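Listed below, chain by chain, are the residues.
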Number of protein chains: 2
Amino acid sequence: MTTPLRLGIAGLGTVGAGVVRIVQRHADLLEARSGRPVEIVAVTARTKGRDRGVRLSQYEWEDDPVALARRDDIDVFVELMGGATGTPKEAVEAAIAAGKDVVTANKALLALHGQDLAEAAEANDAVIRFEAAVAGGIPVVKALTEGLAGNEVTRVMGVMNGTCNYILTRMQAAGLTYQEVFAEAEALGYLEADPELDVGGIDAGHKLALLASIAFGTRVDFDAMSLEGIGKVSIADIEQAADMGFRIKLLGVAQMSGRGLETRMSPCLVPAASPLGQLENAMNMVVLEGDAVGQIVLQGAGAGEGPTASAVMADIIDLARGTRLSTFGQPAAALKPATPAAVSTPAPFYLRMALQDRPGALAKIAAVLGDEGISIDRMRQYGHVDPAAPVLIVTHRTTRDALDSAIAAMERTGVLAGEPVAIRIEDV
Amino acid sequence: MTTPLRLGIAGLGTVGAGVVRIVQRHADLLEARSGRPVEIVAVTARTKGRDRGVRLSQYEWEDDPVALARRDDIDVFVELMGGATGTPKEAVEAAIAAGKDVVTANKALLALHGQDLAEAAEANDAVIRFEAAVAGGIPVVKALTEGLAGNEVTRVMGVMNGTCNYILTRMQAAGLTYQEVFAEAEALGYLEADPELDVGGIDAGHKLALLASIAFGTRVDFDAMSLEGIGKVSIADIEQAADMGFRIKLLGVAQMSGRGLETRMSPCLVPAASPLGQLENAMNMVVLEGDAVGQIVLQGAGAGEGPTASAVMADIIDLARGTRLSTFGQPAAALKPATPAAVSTPAPFYLRMALQDRPGALAKIAAVLGDEGISIDRMRQYGHVDPAAPVLIVTHRTTRDALDSAIAAMERTGVLAGEPVAIRIEDV
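Position numbers for residues start from 1 in each chain and track the written sequence from start to end. By the order in which they are written, chains take letters starting at A while ligands take numbers starting at 1. The model is predicted, so local features are restricted to residues of pLDDT at least 70 and side-chain atom pairs to those at 80 or more, both for listing and for counting; the totals for chains, interfaces and linings are taken over all residues. To obtain the side-chain values, all non-hydrogen atoms of the structure were included, while hydrogens and water were left out.

Now for the interface of chain B and chain A. Contacts are residue-level and defined by heavy atoms, with any inter-residue pair within 4.5 Å sufficient. Listed as interface residues are 49 residues of chain B and, on the opposing side, 49 residues of chain A. Joining two parts hides part of their accessible area as seen by a 1.4 Å probe, and the buried area is that hidden amount summed over both. Summing both sides of the interface, chain B and chain A together bury roughly 3,700 Å²; the carbon and sulfur share of this comes to 51%. It is B:Arg33, B:Gln299 and B:Arg321 in chain B that bury the most area against chain A; as a group they hold 16% of the surface buried on that side. Take a side-chain nitrogen of Lys or Arg and a carboxyl oxygen of Asp or Glu: if they are within 4 Å of each other, that pair is a salt bridge. The interface formed by chain B and chain A holds 4 salt bridges in total. A:Glu146 is the partner of B:Lys142 in a salt bridge, and the nearest nitrogen-oxygen pair spans 2.7 Å. As used in this structure description, the phrase polar contact means that two N or O atoms lie within 3.5 Å; if the pair is within protein, one of them must be able to donate a hydrogen and the other to accept it, and residues adjacent in sequence are counted only when both atoms belong to side chains. Along the contact surface separating chain B from chain A lie 18 residue pairs in polar contact (both at pLDDT 80 or more). By the criteria applied, helices consist of DSSP H or I runs no shorter than four residues and strands consist of E runs no shorter than two, each listed in order from the N terminus. Among the secondary structure elements, those contributing two or more residues to the side of chain B that touches chain A are α1 (14-25), α2 (27-34), α6 (140-147), α10 (202-216), β12 (294-301) and α12 (305-320) of chain B. For this classification, Asp, Glu, Lys and Arg are treated as charged, while Ala, Val, Leu, Ile, Met, Phe, Trp, Tyr, Cys and Pro are nonpolar and the rest, including Gly, are polar. By residue class, the composition of the side of chain B that touches chain A is 25 nonpolar, 15 polar and 9 charged. One requirement defines pairing of two strands: DSSP has to find at least two bridges between them. Sheet topology note: the strand β12 (residues 294-301) of chain A/β12(B) ladder contains 3 bridges and is antiparallel. Within the sheet, the bridge partner assigned to A:Leu298 lies in β12(B) and is B:Leu298.

Here's what the structure looks like:
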């Protein structure tokens, strides 16, 4: 094959400009590795003529992404606009309808409409690839879809939003509150236009939903995910968790069991000495577990021009080399609707509570836990000095239901001073 | 494609039996992911009839691997015998000559004969895949060949021999000598029949040579590698390196610079807090660096039935899905002979030496380093208590040549008590 692979690129922000830069800078390398030239034919973006630090004048300009997607002279529509509705969605649909392959970094679009798009792609003999949609430069979609294809996947975990990990590690390092670090991150331009996409766990949740589909052969089901952001994580919990050998991470977990498919994106405690516990700043990490391979850990930059453009290029070169895979690793029709697990897998929990300064308060709490069948692994009481100081408890493995019952019962005892905090400890 | 992909498996040791087990246990999963059934047609091994914990009677048995490789009714020859010469090599050559695709875990064969085999494969429209040859279950060949295909790779590093990492971490944890832990590892069956393959760095060196070829588009050149095993690593160095915040690892490094291609497999110091520094026991880790992606870290089990069989299956499923890549990521004819770097990249070094107990000894050593233009980053002298106790020096970045000159000059001063130890500190 020496005919070039012809690209139409929609979206010339950081990532789009990064892709253009790689295609221009590494033309020879890409041709050597692909076996054919990789060429940009046409581009589009919201604003024409803005200086993006790359030369674009040699490419055709389209004002309309949908028109770009349908051009006869492109083989691959590279969608780097972002957004789950409106023009990006219409353009991807138009590309597929025209039998074009699609490479996208759009996690929201695929998390919400992945099944329909995958079905449409297969009906039109088109391929959709989305390595850049999950964990930036880490080739995790490839590792899971191809590298672990011989495994029954048992669990997928990950820290997949660099901004949240930055906020949590910065809170710990500097002893600052969530609000203080959030303001810093906002000033530094680290947050999405709608910050809730980051700190609410939605962006990371979209990524987890995509990995879960590949891992378990199920239809993407973002709505079934249990989703909790980092807004309620306190510096007290970060520090006290650290004191007990843990770190708090916004952790995504997808696992399949007899209970069904469990997908959670929420703050969790992980051992400080584990790879996930040691992940600092804006890095991403994904942990894949399979029945044959055991545990694989992948770490890298989850965002930024270079890493994300690297992932986009990997998909483009796959297509140039003639690699053609189903969107989620199996034909779309074979993907089963996921049965969400009604209850989550039992786990140890971290509990922090303040007690009234009265005799027997702690004994009452311990008794309540015992009544619910929850045994205590470790307990720390700092209250000898300061009566408002907390009691920390690490439980043995229990269900969230039992824990919630215990917390309700604790509240009825009248010995609590304020609402207890309960955070899951993920066994990583 | 609903025609089955038909396998002939040569070698039914741990890995071969593991592959048979996956094909039998996950037939439905493999078919769903491959789009076609994956079937074993025929097998061979040194001894027929041995109980391998899997049912083999439904497959054709061949006594001769070469005959198996040539069978008309197989599509893929799965070579899991190991060994760079004799029958395994002949069988792979026969499979290629017959136009069969080859999946192998044989790092020695490819490190020594990869170029010839890749050329033969391309001439016969056959594909050679070898994910299982490097770092067991970690899909690193795929990550480098495909996931980072849009990058100019700048450096590849790795701990790729689990036995060596086990020995080094066990020495540190238990305060045992190399000889003591070597004997333990031998008793536990952790070592190859020829232990020098492990502890001499040869096995890991074969893996690094393969990754270097992919990373830099060069012909595999194992002979150009600078190779040093772990046999001379002392518990004193492990403990004193730890005291200064380092770990000693058998680290492979491949990097391309204006000096040429540098491939080294040798004990190195790495920061204790780095991912490589934290790698314990028999785990493997590979670090990939590219101009766009930055640094990617991949961790997992580097050996064992499940992980290695997982990697073999990934290659098989790629072939079943119709993915067809050049052996080293580019057509064999395009691979350039590597120009080995005449001198290695400058680095900081760790120096341990014992000095004569006489006034001015340390000053002489410092003066000698200064004369060679080597500046001292940190120094520790333990000799106030015990005159035989060592002096430890961490230098700033310098060349190995300057360091060797300095060591020779130190020896001429007459203040050394014994031969100094110098270990490179890799900037990870």
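Among the nonpolar cores identified, the biggest contains 172 residues, and A:Val134, A:Leu288, B:Phe77, B:Val134 and B:Leu288 are the most heavily contacted of them. Leaving out residues up to four positions away in the same chain, A:Val134 has contacts with A:Val140, A:Val141, A:Met160, A:Lys207, A:Leu210 and A:Leu211. In this text, buried Ala, Val, Leu, Ile, Met, Phe, Trp, Tyr and Cys residues form a nonpolar core when linked through side-chain atoms within 4.5 Å. Buried residues are those whose accessible area, probed at 1.4 Å on protein chains only, stays under 20% of the maximum for their type, while exposed residues exceed 50% and partly exposed ones sit between those limits.

Residues and elements named next belong to chain A. UniProt positions are given in the numbering used here, feature names are shortened, and annotations may be inferred rather than shown by experiment. Under the local residue numbering, the UniProt record ascribes the feature "binding site: NADPH" (unreviewed entry) to Lys-107. Structurally, the position occupied by Lys-107 is in helix α5 (residues 107-123). Those residues in contact with Lys-107 that sit more than four places away from it in its chain are Ala-133, Asp-203, His-206, Lys-207 and Leu-210.

All names here are of chain A. For the domain bounds, the source is a domain assignment made automatically or taken from a database. Each assigned domain of chain A is listed with its residue range as follows: domain 1 (5-133), domain 2 (140-301) and domain 3 (349-424). For domain 2 and domain 3, the distance between their C-alpha centres works out to 27 Å. Contacts between the two partners involve 14 residues from domain 2, matched on the other side by 11 residues from domain 3. When the two sides are added together, the surface that domain 2 and domain 3 hide from each other amounts to roughly 1,200 Å², 57% of it contributed by carbon and sulfur. Counting the surface domain 2 buries against domain 3, the share from its top three residues, Asp-237, Gln-240 and Met-244, is 51%. Our count for the domain 2 to domain 3 interface comes out at 2 salt bridges. The closest approach of N and O atoms between Arg-352 and Asp-237, which form a salt bridge, is 2.4 Å.

This paragraph deals with the UniProt feature "binding site: NADP(+)" (unreviewed entry) in chain A. Residue and element names in this part refer to chain A. Mapped onto this numbering, the UniProt entry gives "binding site: NADP(+)" (unreviewed entry) at Ala-10, Gly-11, Leu-12, Gly-13, Thr-14, Val-15, Gly-16 and Ala-17. Residue position: Gly-11 is located in the loop between β1 (5-10) and α1 (14-25). Setting aside chain neighbours within four positions, we find Gly-11 in contact with Gly-16, Thr-44, Leu-80 and Met-81. Mapped onto the elements, Ala-17 comes out in helix α1. Look at Ala-17 and you get buried, because its relative accessible area is 4%. Among all residues touching Ala-17, those that are not within four sequence positions of it are Leu-12, Arg-52 and Val-54.

Residue and element names in this part refer to chain B. Tracing the chain through its elements places Lys-249 in strand β9 (residues 246-257). When its relative accessible area of 1% is taken as the criterion, Lys-249 is described as buried. Through-space distance from the C-alpha of Lys-249 to that of Arg-55 is 41 Å; in sequence the pair is 194 residues apart. With sequence-adjacent residues up to four places away left out, Lys-249 is seen in contact with Val-159, Asn-165, Leu-168, Thr-169, Ser-266, Pro-267, Cys-268, Val-270, Leu-276, Gly-277 and Leu-279. A polar side-chain atom of Lys-249 sits 2.6 Å from the main-chain carbonyl oxygen of Leu-279.

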